[in-house]
Amino acid sequence: MKQLMLGNQALARGLYEAGCSVVSSYPGTPSTEVTEEAAKYDEIYCEWAPNEKVAMEVAFGASLAGKRSFCGMKHVGLNVAADPLFTCSYTGVNAGMVICVADDAGMHSSQNEQDSRHHAIASKVPMLEPSDSGEAYEFAKQAFKLSEEFDTPVIIKMCTRVAHSQSIVEAGVREEVDTIPYEKNIAKYVMMPGNAIRRHPVVEERTRKLIQYAENCAFNRVEMGDTKLGIITSSTSYQYVKEVFGEKASILKLGLINPLPEKLILNFAAKVEKLAIVEELDPVIENHCKHLGLTVTGKDVLPLEGEYSQNLIAEKLGEEVPAYRKLNETMPGRPPVMCAGCPHRGLFYILSKNQCTVLGDIGCYTLGAVAPLNAMEMTLCMGASVSSIHGFNKALGEAGEEKTVAVIGDSTFMHSGMTGLANIAYNQSNSTVIILDNSITGMTGHQQNPTTGYNIKGDPAGKIDLESLCRAMGFGRVAVIDPYDLEECDRVVKEELAAKEPSVIISRRPCALLKYVKHSAPLAVKEDRCVGCKSCMRLGCPAISMKGKKAAIDNTLCVGCKVCQQLCKFDALQPGEV
Amino acid sequence: MTKNIMIVGVGGQGSLLASKLLGHLLLSEGYDVKVSEVHGMSQRGGSVVTYVRFGEKVYSPIIDKGEADFIVSFEKLEAARYVEYLKEGGRIVTNTQEIDPMPVITGAAVYPDNLIEKMQGIGIAVDAMDCLSLAEEAGSAKAVNIVLMGRLSKYFDIPVEKWQQAIEECVPAKFAALNHQAFLLGRGDA
């Protein structure tokens, strides 16, 4: 049956049909739905791992045991998993092992826009790049065969526009594959120098064979049209190129992006008058073509940054773009904001009020950096808040320790905050680490994690107790606060900053968007009491605005958290009708 | 010829249901369809855009400036923000609801006035209606998306029954009657 599927959903369908049995991933936009969709198939064991490195090693273990396995992650997650990636390229696999990495050109929901193709090249692992849902489905199925045929993990590279676009897929049925018996093979699987030295030439030979494979494989195809212009492209750029040129150019569409073919490209180049390379982010195909001695147009006209589109490609390659009408008006922006009732808001207000230097991390709470709270001064990568506060405080001593805090969410803490915390406990800086425990992985759309007590299917699971964990590491000061209680937050933050030893504050309240969270009645403004002082406006709550000279509360948004009430000196914010 | 519908609004307003409904409908009409969404950070109350494209063969999953046949907007400012994406002769179908963005809430910016008149002033066809009131009349403020779909349906040569069928496929059975009513109110047939 033909159906519309998200690229990620189609990829999951491909995994299912290919007989994949074990999936371990860490959520990250735009990759999350692959694993969420895979978890809907009972035939696949699925889990959220604490981070991408763990996920990839779980998938590797399952492959070693003889089951087809998968792990999924966003581009920056592959940095975390780079360690196992580079070496399982040497060991190869037993049963097929497929890795999905989803890039985010345009940074819709990311801290950088790195090009993951470099990881494939550097680790010498083949990489497939689908251009729509149909290909995501088909490539996922083929990837396992490729993995087993060439004894290598295979990466499928998605991007936001393939992962989060729906297009038509005609799904088939699951192929049950036999377990490939595990056999002890120390020379292949124990990567100590003596063995790894013998595996490296195997990797180089595999790459040579894969280049041969790339010359004729079904992942790469030529679509001849007008020969005045030839375009080599891949992924979503292919779709934009087709949109602009249709039959007006000849196209070499690459689906196997590492390693790249040589003869196929040279033969194609020989058939066209002029050659252009259209690829988002870095000039990977372009540099390969230049290395082959070809003269090409590419990053000389097309940008290294951001997403491409049909108009951008048309304009840069000299085609016409449609006309449009403009409104002569300054539009206020609409940046994302913390939701009404978000438990992070109260804590950030207190940190801002105490003029703390806040070193932040990756999650919804990164929004603590935006106006009017402006309460975060650093965000780098997963876990960096906890590690860097230690460096910050070691560098500044007391001047740092008495006003600096690290803030990190529960899931991010499990991902890579724990190791930084171990460093604070071990090398002793008087750092104050605040774990924002909203009992869920929020930003990526509510995934369970090791602290929530539930697994990916919502069934009861192991639950790591954060207080016990911190105490076991040697933290004598572990406080738990409710971020809706501003007075308590203020008192505890001041105490822990003043303490002459390392401390952890757990700011605990579930995400206001969780279905099980019961909301209180919305507040309303008693207009006779409101003097228009705007104290409540300092919270940056989307439910509160000024209507004329008085505050007003949008009762469709307000969840009755009463944080604003605690800022009002005139008792003007009260539950229920005015 | 590929047709382009852009759905714009504020994160959390329910635009994903609208695009799902259109996807179902257009697929059942035999078209090639692509729908592009953005997930993640921008869903947190930010400006969100969904692209729906259909025709004999659709390549790009996104809609670029000057290409949209329709911009369906859940919020007035968002309709105006994406005016440049409208094709010559295209039409904006918008909810008249105003939702203040954070820069307006904090006083750093003002919500522009008379946006509909200003859009009409540059020659754009704007079909504006108070979808929130109609949704509440149907029984739930959350049905704004279906009210808008009802309005949009007026411009398509697809029988009402087909739209209603797509609604049934996309919403839980217990809300089907409410959404049918919302659709008809939006269409002006109730």
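Residues numbered from 1 in each chain as written. Chains lettered and ligands numbered in written order. Predicted model: local features only at pLDDT ≥ 70, side-chain atom pairs only at ≥ 80, totals over all residues. Heavy atoms only, no water.

Chemist: Help me get a handle on the overall build of chain A, residues and values and all.
Modeler: Within chain A, the secondary structure is distributed over 20 helices and 22 strands. Computed over C-alpha atoms, the radius of gyration of chain A comes to 27 Å, within 12% of the 25 Å expected from 2.2 N^0.38 for 578 residues, which places it in the range of a compact globule. Its C-alpha atoms give chain A principal-axis dimensions of about 80 × 65 × 50 Å. For chain A, restricting intrachain contacts to residue pairs at least 6 apart in sequence, the fraction spanning at least 24 positions comes to 74%. For chain A, the exposed area adds up to about 23000 Å²; of that, 52% sits on carbon and sulfur atoms. Charge-centre separation for chain A: the mean point of 59 positive side chains lies 2 Å from the mean point of 69 negative side chains. (Helix = DSSP H or I, 4+ residues; strand = E, 2+ residues; numbered from the N terminus. Rg over C-alpha atoms; globule rule 2.2 N^0.38 Å. Contact = heavy atoms within 4.5 Å. Areas by Shrake-Rupley, 256 points an atom, 1.4 Å probe, with all protein chains shown as cover. Lys, Arg positive; Asp, Glu negative; His and termini not counted. Charge placed at Lys NZ, Arg CZ, Asp CG, Glu CD.)

Chemist: Help me get a handle on the overall build of chain B, residues and values and all.
Modeler: Scanning chain B from terminus to terminus reveals eight helices and six strands. Reading chain B from its N end, one meets helices and strands in the order β-α-β-β-β-α-β-α-α-β-α-α-α-α. Relative to a compact globule of 190 residues, whose C-alpha radius of gyration would be 16 Å, chain B shows 16 Å and is just as compact. When each of the 190 residues of chain B is scored for burial, the buried share is 62%. (Buried < 20%, exposed > 50% of the residue type's maximum accessible area, 1.4 Å probe, protein only.)

Chemist: A description of the packing of helix 1 (residues 15-28) of chain B against helix 7 (residues 160-170) of chain B should follow, citing residues and the corresponding values.
Modeler: All names here are of chain B. The contact between helix 1 and helix 7 brings their axes to 9 Å, and the two run at 125 degrees. Of the possible angle classes, the one that applies to helix 1 and helix 7 is oblique. Crossing hand, helix 1 versus helix 7: right-handed. For the pair helix 1 and helix 7, the contacting residues are Leu 17, Lys 20, Leu 21, Leu 22, His 24, Leu 25 and Ser 28 in the first and Lys 162, Trp 163, Ala 166, Ile 167, Glu 169 and Cys 170 in the second. (Axes fitted to C-alpha atoms, helices over the stretch in contact; angles between N-to-C directions. Parallel < 35°, antiparallel > 145°, perpendicular 65-115°, else oblique. Left-handed = near helix turned anticlockwise from the far one by under 90°.)

Chemist: Kindly report on the domain arrangement of chain A, identifying the contributing residues and their values.
Modeler: Partitioning chain A into structural domains gives domain 1 (2-216), domain 2 (221-317), domain 3 (343-508) and domain 4 (523-575). Distance between the C-alpha centres of domain 2 of chain A and domain 3 of chain A: 46 Å. (Domains from an automatic or database assignment.)

Chemist: Outline the pattern of salt bridges, listing residues and values.
Modeler: Residue and element names in this part refer to chain A. Following the criterion strictly, the structure yields 44 salt bridges over all chains and no others. Lys 53 is the salt-bridge partner of Glu 57, the closest N and O atoms lying 2.7 Å from each other. Placement of the pair is Glu 57 and Lys 53 together in helix 3 (residues 52-65), with a separation of four residues, close to one helical turn. Its relative accessible area of 34% is what places Glu 57 among the partly exposed residues. Its relative accessible area of 32% is what places Lys 53 among the partly exposed residues. Between Lys 290 and Glu 286 there is a salt bridge, and its shortest N-O distance comes to 2.9 Å. Here Lys 290 pairs with Glu 286, and both are found in helix 13 (residues 284-291), just four residues apart, close to one helical turn. We classify Lys 290 as partly exposed; its relative accessible area is 43%. Owing to a relative accessible area of 4%, Glu 286 belongs among the buried residues under this scheme. A single salt-bridge network, built from bridges that share partners, covers Glu 135, Arg 221, Glu 223, Lys 242 and Lys 253. (Salt bridge = Lys/Arg side-chain N within 4 Å of Asp/Glu carboxyl O.)

Chemist: Give a detailed account of the interface of chain A and chain B, specifying residues and quantitative values.
Modeler: Opposite the 59 residues of chain A that make contact, chain B presents 57 residues. Summing both partners gives a buried area of about 4800 Å² for chain A against chain B, and 59% of it is carried by carbon and sulfur. Our count for the contact surface shared by chain A and chain B stands at six salt bridges. Linking chain A with chain B are 23 residue pairs in polar contact (both at pLDDT 80 or more), by the criterion used here. Among the elements of the structure, strand 1 (2-6), strand 8 (165-170), helix 11 (235-245), helix 14 (310-316) and strand 20 (544-547) of chain A are those that each provide at least two residues to the side of chain A that touches chain B. Here strand 8 of chain A runs beside strand 2 (residues 32-36) of chain B; their pairing, made up of two bridges, is antiparallel. Bridge pairing in strand 2 of chain B links Gln 166 of chain A to Val 35 of chain B. (Buried area = accessible area lost by both parts, 1.4 Å probe. Polar contact = N/O pair within 3.5 Å; in protein donor to acceptor, adjacent residues only side chain to side chain. Pairing = 2+ DSSP bridges.)

Chemist: Lay out unusual backbone geometry with the relevant residues and their values.
Modeler: Residue and element names in this part refer to chain A. Pro 259 follows Asn 258 through a cis peptide bond whose omega is -5 degrees. With respect to the helices and strands, Pro 259 occurs in the loop between strand 12 (256-258) and helix 12 (263-271). Residues Ala 371 and Pro 372 are joined by a peptide bond in cis, for which omega reads 0 degrees. Positionally, Pro 372 belongs in the loop between strand 14 (357-359) and helix 16 (384-396). Not every positive phi belongs to a glycine, and Ser 235 is a case in point at roughly 50 degrees. Residue placement: Ser 235 occurs in helix 11. Backbone geometry places Asp 571, a non-glycine residue, at a positive phi of 50 degrees. With respect to the helices and strands, Asp 571 occurs in the loop between strand 21 (550-553) and strand 22 (573-575). The exposure class assigned to Asp 571 is partly exposed, which follows from its relative accessible area of 47%.

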